[in-house]
Amino acid sequence: MSLPRIVLSGSDQRTWASSCHLRIGRLPELEVALDDVSVSRLHAEVYLGEDGWVVRDRGSSNGTHLSGMRIGRTPQQIRVNDTIQVGNVSLNVTELRGRPLSIRVEGRSVQIAASAERSWDEALEAFEPSEERFQRDGRRFLKLMRAGYRLAHAADPDFALRQTLDEAVAFFGARRGGVFLTDATSGQLLVRTYAVAEQEALGRPPGKTLATVALRRRRSVLFKDSAEAAPFQADSVLNGDMTSIICAVLRSPDRELGVLHLDRGRNQEPFTEADLYLADSLAAAIALGLDRQELVTRHHELFLQTITALAQAVELRDTYTGNHTHRVTAYAMLLAEEIGMSPEDRRHLQASTALHDIGKIGIDDAILRKPGRLTGPEFEQMKTHVLRGAEIIQMIPGLRWALPVVRGHHERWDGRGYPDGLKGEDIPLCARVVAVADAFDAMTSDRPYRPGMPVERAFEELQAGSGTHFDPRCVEAFLRVRPKVEEMLEQEAVFRQKAESGALTVSYREMNQQLTSDTGAMPIPAAVMDAMSETPMPTRQG
Ligand SMILES: [Fe+2]
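Residues numbered from 1 in each chain as written. Predicted model: local features only at pLDDT ≥ 70, side-chain atom pairs only at ≥ 80, totals over all residues.

### Some words on helix α8 (residues 324-338)
Argument step 1. Here α8 is 15 residues long and its end C-alpha atoms lie 21 Å apart, about the 21 Å a rise of 1.5 Å per residue gives.
Argument step 2. Buried residues of α8: Thr 325, Arg 327, Val 328, Thr 329, Tyr 331, Ala 332, Leu 335 and Ala 336, and no others.
Argument step 3. Following α8 by one or two positions, Gly 340 has its phi on the positive side, about 75°. (Helix = DSSP H or I, 4+ residues; strand = E, 2+ residues; numbered from the N terminus. Expected span 1.5 Å × (residues − 1). Buried ≥ 20, exposed ≤ 12 C-beta atoms within 10 Å, placed from the backbone.)

### Here we look at the confidence of the model for the chain
Detailed reading of predicted coordinates is not advised where the pLDDT is low.
Argument step 1. Averaged over all residues, the pLDDT of the chain equals 79, while 76% of them reach at least 70.
Argument step 2. Highest mean pLDDT in the chain belongs to helix α16 (residues 472-480) (96); lowest belongs to strand β21 (residues 537-538) (30).
Argument step 3. Every residue in residues 228-240 scores below 50 in pLDDT, and together they form 27 contacts with partners more than four places removed in sequence or on other chains.
Argument step 4. Low pLDDT (under 50) marks residues 500-542, which in the prediction has 84 contacts with non-local residues, meaning those over four places away or in another chain. (pLDDT = per-residue confidence, 0-100. Contact = placed C-beta atoms within 7 Å.)

### What to know about the sheet that holds strand β8 (residues 69-71)
Argument step 1. Strand order in this open sheet of 6 strands is β2-β1-β11-β10-β7-β8, and the pairing throughout is antiparallel. The open sheet is flanked by β2 (15-18) and β8, the only strands paired with a single partner. Taking the axes of each pair of neighbouring strands and ignoring which way they run, one obtains an average angle of 25° across the sheet.
Argument step 2. With 6 bridges connecting them, strand β1 (residues 5-10) and strand β11 (residues 89-97) associate as antiparallel partners. Across the sheet, residue Gly 10 finds its bridge partner in β11, namely Leu 91. (Pairing = 2+ DSSP bridges. Axes fitted to C-alpha atoms, helices over the stretch in contact; angles between N-to-C directions.)

### Concerning the pairing of strand β16 (residues 189-196)
Argument step 1. The pairing of strand β15 (residues 176-182) with β16 spans 7 bridges and is antiparallel. Each bridged residue has a counterpart across the sheet, and for Arg 176 the counterpart in β16 is Val 196.
Argument step 2. Hairpin geometry of β15 and β16 is characterised by an intervening segment of 6 residues between the two adjacent antiparallel strands and by a positive phi of about 75° at Gly 187.

### Brief notes about helix α9 (residues 343-354)
Argument step 1. A rise of 1.5 Å per residue sets the reference length of α9, with its 12 residues, at 16 Å; its end C-alpha atoms lie 17 Å apart and thus fit the reference within 8%.
Argument step 2. Within α9, the full set of buried residues consists of His 348, Leu 349, Ala 351, Ser 352, Thr 353 and Ala 354.

### Quick look at the environment of Asp 414
Argument step 1. By the element assignment, Asp 414 lies in the loop between α13 (403-408) and α14 (429-444).
Argument step 2. The exposure class of Asp 414 is partly exposed, given the 15 C-beta atoms found within 10 Å.
Argument step 3. Separated by 52 residues in sequence, Asp 414 and Ser 466 have C-alpha atoms that sit 9.8 Å apart.
Argument step 4. If sequence neighbours within four positions are ignored, Asp 414 has contacts with Lys 423 and Thr 468.

Below, the structure written as structure tokens:
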């Protein structure tokens with residue numbers, strides 16, 4: 001193996017070579033002595049660091065520049081053809097040979113066959129498959145490179161990532177692939193997903209030791225002939241045939257997110273350096289998608305928090321509904337998952353449920369907080385909260401998808417609900433889901449004038465209303481998630497104990513009796529009527 005070496009050339013044809021260290025300055029005893037007043041006595045130094053040749057400033061007056069960028073005392077990696085400018089003097093790096101890169105893993109030395117240390121831009125722009133390779137699978141790789149876009153816009157990000165990894169494993173002829181991402185809390189690399197070639201059994205995910213090394217060094221690495229590396233991959237001991245491994249750093253323009261791992265087995269050709277560079281480019285595309293995905297998730301969370309805060313502001317005007325929005329949303333999400341709603345529909349449902357009673361903002365305080373029984377006309381006005389909510393939602397084009405829930409959550413399966421009297425499957429599914437969640441919460445919540453109904457009975461009431469009030473499919477699904485619901489309620493009990501006992505109130509049962517006698521309508525079972533209630537009927541004390 002040849003010795004490390006660096007050669008610097010000046011504009012006056014002078015050259016300086018070293019295998020370890022060059023000090024640059026005006027002092028005559030230095031290895032690179034420059035007789036120029038713009039150069040400080042000890043200006044900069046070039047030396048062979050752990051990761052290769054580096055240059056750093058030594059506190060010069062006029063500064064040191066590496067290929068146009070001013071550098072400080074922190075060592076900066078040098079590449080061949082870089083220009084090092086000290087004061088007004090320019091030195092070109094005309095030859096550069098590092099020591100063979102190796103890393104220490106668990107007390108042993110593992111050889112690195114090649115490494116790629118590129119910025120995100122470079123990784124994406126400098127993706128250059130060979131002519132022959134481009135002819136053979138250029139199109140497939142271009143398709144693969146769309147991973148970033150696909151991940152950023154996927155309704156189901158986990159599925160999209162897995163699909164990309166499957167394609168990467170096929171494209172690179174890998175035996176196995178994995179995506180490791182850094183856990184925000186622990187800082188540790190965790191397996192996000194892994195895949196194997198078609199003919200392989202899934203087995204265990206790849207070990208993360210080498211991926212961690214690549215990430216720490218912020219460079220993509222190729223471990224070629226990993227006979228030495230194998231013992232350090234926890235599962236390679238079991239599988240015993242991992243001979244070539246690429247760990248490509250998943251880096252976005254701002255940060256490193258994790259590592260894309262690809263490996264080949266003993267009966268395969270090892271990866272080449274060209275494979276490493278292609279994998280590095282793919283990792284940059286994947287990282288961009290993951291980064292954007294995270295941004296979308298954070299944006300969605302912020303949006304949810306904002307509208308939940310808005311909904312809670314409405315709730316605060318009401319006297320009983322403490323935490324109602326949160327619970328109803330949680331029940332609706334459990335139910336939606338159980339009936340197999342798509343992830344995108346579930347995201348919309350979550351935000352819609354938080355907003356379902358937003359129209360109450362348009363109900364007069366005199367009615368919403370009336371300390372006495374609502375009259376028939378007043379109750380009619382209360383019912384308009386669904387239309388008022390729909391008006392609010394329609395004003396915001398980006399929220400149109402919330403309309404079915406906001407407008408339809410008081411429709412009934414038998415067509416006797418409001419505001420449109422829709423029947424059966426004419427009622428949007430998400431509204432039918434919220435109707436069940438809303439009713440269940442109303443039944444089980446403590447009110448100032450009565451304790452919450454036992455869970456057992458609330459489920460019975462839902463069953464009793466199945467096919468009349470509620471969509472039978474939703475009721476059945478809600479019964480199936482009962483253990484999860486009960487678990488949630490146990491946690492809620494802590495808060496319930498803290499709930500204040502409020503003013504004397506009149507139940508909806510009484511209002512129901514009044515209304516049905518006034519209108520001649522069929523009485524609604526008391527428990528369900530309570531569940532339908534939009535607001536308790538606070539009465540004047542005394
Ligand atoms: Fe409502």
